[in-house]
Structures are given as C-alpha cells and as structure tokens.
Amino acid sequence: MNKLAVELPGLSLKNPIMPASGCFGFGREYSDFYDLSKLGAVIMKAATGERRLGNPTPRVAETNSGMLNAIGLQNPGVEAIIREEVPFLAQYNTNIIANIAGSTIEEYEEVALAFNDTEDVQALELNISCPNVKEGGIQFGTDPMMAARVTEVVKKASNLPVYVKLSPNVSNIVEMAQAVEAAGADGLSMINTLTGMQIHLPTRTPLLANKTGGLSGSAIKPIAIRMIYEVKQHVSIPIIGMGGVSTAEDVVEFLLAGASGVAVGTANFTNPFVCSDIIDELPRTLKKYGFDSVKEVIGKAVTLA
Amino acid sequence: MISKEIMQILSVSEIASETVEMVLRNEYISEQAIPGQFLHILIDGHTLRRPISIADINRESKTVTILFKIIGDGTKTLAGFKEGMEIDVLGPSGNGFLIEEQDSVVLLIGGGIGVPPMYYLARTMVKKGKKVIAVLGFQSKSHVFYEEKFKELGETIVVTNDGSYGERGFVTDILGKIGSFDTYYSCGPVPMLRAVTNELQGRRGFISIEERMGCGVGACLACVIPATDEKGYKKICSDGPVFDAREVTL
Ligand SMILES: Cc1cc2nc3c(=O)[nH]c(=O)nc-3n(C[C@H](O)[C@H](O)[C@H](O)COP(=O)(O)OP(=O)(O)OC[C@H]3O[C@@H](n4cnc5c(N)ncnc54)[C@H](O)[C@@H]3O)c2cc1C
Ligand SMILES: Cc1cc2nc3c(=O)[nH]c(=O)nc-3n(C[C@H](O)[C@H](O)[C@H](O)COP(=O)(O)O)c2cc1C
C-alpha cells in the first residue's frame, strides 16, 4: 500500500503534493531539476480565452516572510496551452489540473469547454480569486451569488471535476465555500493570495506597477490554516490546501486542518526542488507525528477540537 | 543548464564605497558560465533569491567572482558573509552575451552595478583577439572600481555623475567622442540603457536588462519585457538578461 496516496474527485494522487498555479509555469523549467512524475499533480498557470500579456513591471516585491505579485494572469490563451503545454506535461506520470480564469462568465465557460476535448487534463481549478486583474477574477470570488453562478456555469460546461479556488479576501469564507458547494463544486482549493501593497521609500510610490498585489509565502500560512479548518467543518467536499507551504511539517499541518491535497507555490522560487524534497521527507514526518498514512491525517485536528 | 549548486566563499572585500567583491569556488559554474550570465543567490531568511552577475571566471582555479553593491537587506547580509562560508545558488542563469566572431572592435558601456558583467566580457573579447573600448559610469569617485583591471584590457574611460573623477556626466555624454567600433554591449539601470540605445540607434548592440525577478528560471513571468516578436514579450531571467537592442522595447 502506498502510504502517501489520496483519492480525490477525478484525481488518483500518488502523494498529496502539487505545485500551485502560477508558481510552476507549465512545468518545463522545473523538469530540468527533477522528474515531474514524482508529483501527485501539477496545477498549470491560469488559462484565459485569449492570450494575455499581463501587467506592467515591476510585478513582484519581497515582503517579510513572503512576496507580493501582480502578474496579471499572463498566459498564451487556452488553445495554445492545450496545443503546446498539455502534451509536454502529459509525458509525465502525474495528474494535470487546469487553472481557468476569465473576465466574464462567458469566458470562463469558453475556457472550461475547451478542456473537454483533451484527455490529458484530469480536473479544473476554477480561479475566481485572482486579485490582479481589473475585471472578473476577484469579483467572482468575493460575492457568494456570483461565485455560485460561475461555478454552476462551469460545472454545466465541463465534463471534468471542478475545484473552486477561493479568495481569502472576504469576511466570511464559510459562506463562500457553502455557496460554491451548493452550486455543484466537486472540491475547493484554498487559499489564493491576500491583497497587499508595498511603498518604495526613495520614490514614495507603490513598488508594484499595479500598485497592489497578492501576498503569498509563509506569511499567509496561519490564515490558510484557519480558513481551511473553519471551512472543513461546514462542507463535505474535499479541499486542496495551499498558502505558505515549504516543508513536510507544513503539509502535515494542512492535512490536520482538513486539506486532502497540498499545493506549494512561492516556495518553488526559494528552492526549485521543494516539492521533490517534501515528498521524500513526508513519510518520516508522518511517522514522527504518529501517523501511518496521509489519509488518516486528513481533518484530524477537526475531530480533536 | 541551470543547476542548484553550493559555492564556497574564498574571499570577501570591499573594493569601493558600498561595493563588495566576492570570490567563490565551484567547479560546475566555473566550467559552464559565459559572460552576461548571472547567479541567483539564496540568502537565508529571504523568500526571493538575488540575481548577481558573474564578473569573472577562472577555469584553472575553478573560481567565480561577483561584485555587488549594498542596496538593501539581502545584499547587506551577503556582504557580511565570511571566507569559508557557503552559499546556495542557481546558475549559471540567463543567456549571456552573443559574441560576433567577425568583429574587431567592441564598445562596452557599463553603469554602476552594470559594470561587473562587462569585465568578464572584456576579458573574453581580448582573449578572442578583439580590441575593447570600455566606458564605465559611476556616481562619484568613491564608487569607482576595476578601472585598472579594465585598463589592462584596453582603452578605458571613467565617467562620474558629479565629476569627482574622470569625465563629468553620464556615459552617453561621451559616446560621441568614441572612435569606430563594430558592436556595442551595455549593462546598467534601465534609464541608462534607454539613453544608450537612443544615442546609438541603428548600431548593432546588445543590452543586459535588470528587473525584479521571482523564480529566476522562466516559470513565474515576473520579469518580462515587451518584445517586437509574435509572442509579444521576453522573459528577462531566461530569454535574457541580454537582448539585441532592436528586439525589445525599453
Ligand atoms: C540579471 C541581473 C544581474 C544583476 N547583477 C548585479 C551585479 O552584478 N551586481 C550588483 O550589485 N547588482 C546586480 N543586480 C541587481 C541586484 O540583483 C539587486 O541590487 C539586489 O537584488 C538587491 O537586493 P537587496 O536585498 O539588497 O535589496 P532590496 O531592495 O531589499 O531587495 C528587495 C527585492 O527587490 C529586488 N531588487 C532590488 N533592486 C533590484 C534591481 N536593481 N534589480 C533586480 N532586482 C532588484 C531584490 O532582488 C529583492 O527581491 C542584478 C540584477 C539583475 C536582474
Ligand atoms: C507569481 C505567482 C503567480 C500566481 N498565479 C496564479 C494563477 O495564475 N492562478 C491562481 O489560481 N493562482 C495563482 N497564484 C496563487 C498561488 O497558486 C497560491 O494560491 C498562493 O500563492 C498561495 O500559496 P503559496 O503561499 O504557497 O505561494 C500565483 C501566485 C504567485 C506567487
């Protein structure tokens, strides 16, 4: 028996570890460092209907224990992703999750439909939480009615399981989670980045050209843990957790809070081997905290509460 | 190919105001690196690595020299590292300078922290039998470094913004006085590169561009620059940092 294995809607994961959307491109660059077949899954960079060139630079700023980014969903468009990027990732023995985004409900629908024609993608991650684009994204992610509406449309359009990626930039995360669960989401993915800003002292102006950006990295881990823990008690669909994961101990903490899969984003920038290192370390770490398998850890903090 | 390597620090010395020279030892990087490539350096406690150009290589002693200015927390911490310590780097990163075999005279224009990559380039050019003219711009006299080392390789003109040493003004102020050359190479802050490419419009040239980076390997799309090709952009960390002056829009 594989002690690290997890079963999720549409996904048979050999381990719960997957690089987070936008922090791993389409895998090409990191395939120079290690064999991507080692990963439970790969979540691809966001796909939109047409190619997007993103925001002006600077697009990133470092913060204490993290970073801000305002990439602006730069991507070559869904057709090019299906034609050029999916076949590359499909060479590896791993699951492919497509992150989809749009400015309108119609665009989300169009992108979801496009992925129906590829056999190599196992699930969609519905990004209703990008804080870095003027239209759409975050709007869908902060209003439960809008979130439910876009979830419904994408569920109807797609033949793949849909994991809705929630924004932490809300006052009631449980309400958002329940709204998308009721609308048919197969799973949740949380959390996306928190909106923040940094001012460059010498010029007295916001450092990012977009002014605001999304905060990620270890600074946001306690927020992610709290939100997953809260949501887990109110929904029955599985959660892919993320936000500041950089060690196997972090993974165990996310599993305890209620995540069934764990995505690693920003930490790939610090250490390109981070996902591979965590996978190697995980069996020892599980053992250290008295567990035999990943499955038995999931949500344990909840039942202890 | 980029590798994650551990480098031993052989020496650390302050060679000009807030400017540190660090000599590192690593076989792979010293064998692979070409002029214009950089190291992406991990500094404990920092989420993002720091890109620093390779200023020189010695294949016999397997050493790599970097020169950096103390700007903020990261470079300040790095400057405090001592001989015998180790640093974790990704490298050699980026594409490096294209050397045109048929050229006989090349003009190298470096500004401030853009000077370091020009040194390894100058040494390589001289080894290939080319004549080098170097124009080096610094803020003021106390910031000047490597003048003597460049002079050993060819004609060298130092410019300081405040006129406290060499010529007064900006590197572009003296480009009119330079003799003929085949190709120019430039590295420095973006406003300087903009002025240089304007001044030398129509000439064959390569520029090395600085931008805030995320992953440093081409995955995250933090450091992009608009380009004139069909894709519409280039990644500075992996397609660059060196670009043909005519293919990108500054
Ligand atoms: C390809 C490349 C080669 C470089 N080569 C050299 C070199 O040889 N010598 C040298 O002194 N400097 C070089 N720089 C600039 C150097 O990377 C920055 O000065 C350094 O990252 C500042 O870090 P800090 O922590 O001291 O400053 P902080 O301002 O505290 O850094 C905060 C964040 O901003 C980034 N940042 C700040 N300034 C710059 C900048 N000018 N360019 C890119 N990122 C920046 C940092 O990497 C960090 O992520 C190079 C930059 C690039 C892109
Ligand atoms: C540079 C960068 C780009 C990102 N791009 C996307 C994206 O395209 N789609 C998305 O859903 N999330 C995107 N994210 C958010 C991450 O997938 C993740 O939810 C978030 O960064 C928290 O995890 P971390 O702290 O491990 O990075 C991006 C994050 C970063 C840092």
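Residues numbered from 1 in each chain as written. Chains lettered and ligands numbered in written order. Predicted model: local features only at pLDDT ≥ 70, side-chain atom pairs only at ≥ 80, totals over all residues. Heavy atoms only, no water.

**Side note on the UniProt feature "binding site: FMN" (unreviewed entry) in chain A**
Residues and elements named next belong to chain A.
- As annotated in UniProt, the feature "binding site: FMN" (unreviewed entry) corresponds to Ser21, Lys45, Ala46, Asn99, Asn127, Lys165, Ile191, Gly217, Gly243, Gly244, Gly265 and Thr266 in the numbering used here.
- Mapped onto the elements of the fold, Ser21 is located in the loop between strand E3 (17-19) and strand E4 (41-43).
- With a relative accessible area of 15%, Ser21 lands in the buried category.
- Its relative accessible area of 10% is what places Lys45 among the buried residues. (UniProt positions renumbered as here; feature names shortened; annotations may be inferred. Helix = DSSP H or I, 4+ residues; strand = E, 2+ residues; numbered from the N terminus. Buried < 20%, exposed > 50% of the residue type's maximum accessible area, 1.4 Å probe, protein only.)

**Re the sheet that holds strand E7 (residues 95-100) of chain A**
Residues and elements named next belong to chain A.
- Reading across the sheet, the 8 strands line up as E3-E16-E15-E10-E9-E8-E7-E4 and stay open at both edges, with parallel pairing between neighbours. Of all strands in the sheet, those with a lone pairing partner are E3 and E4, marking the two edges. Sheet twist, expressed as the average angle between the axes of neighbouring strands with direction ignored, equals 25°.
- Relative to strand E16 (residues 261-264), E3 runs parallel, the two being bridged by 3 bridges. Counterpart to Ile17 in the pairing with E16 is Val262.
- The strands touched by helix H9 (residues 274-288) are E3 and E16; relative to E3, the strand with the most contacts, the crossing angle is about 175°. (Pairing = 2+ DSSP bridges. Axes fitted to C-alpha atoms, helices over the stretch in contact; angles between N-to-C directions. Contact = heavy atoms within 4.5 Å.)

**Digging into the environment of Arg194(B)**
Residue and element names in this part refer to chain B.
- As for its position among the elements, Arg194 is in helix H5 (residues 190-199).
- Judged by its relative accessible area of 39%, Arg194 falls in the partly exposed class.
- Residues Arg194 and Ile207, spaced 13 residues apart in sequence, show a C-alpha to C-alpha distance of 9.8 Å.

**Quick notes on the pairing of strand E1 (residues 3-16) of chain B**
- Judged from the 6 bridges that link them, E1(B) and strand E7 (residues 86-93) of chain B form a sheet pairing that is antiparallel. In the sheet register, Met7(B) faces E7(B), and the bridge partner there is Ile87(B).

**Digging into the sheet that holds strand E5 (residues 60-63) of chain A**
Residue and element names in this part refer to chain A.
- The 4 strands are arranged E5-E6-E14-E11 in an open sheet whose pairing can be described as antiparallel. Looking at the sheet topology across the chains shown, the edges are occupied by E5 and strand E11 (194-197). Averaged over all neighbouring strand pairs, the angle between strand axes comes to 40°, with direction disregarded.
- Relative to strand E6 (residues 66-69), E5 runs antiparallel, the two sharing 4 bridges. By the bridge assignment, Glu62 is partnered in E6 with Met67.

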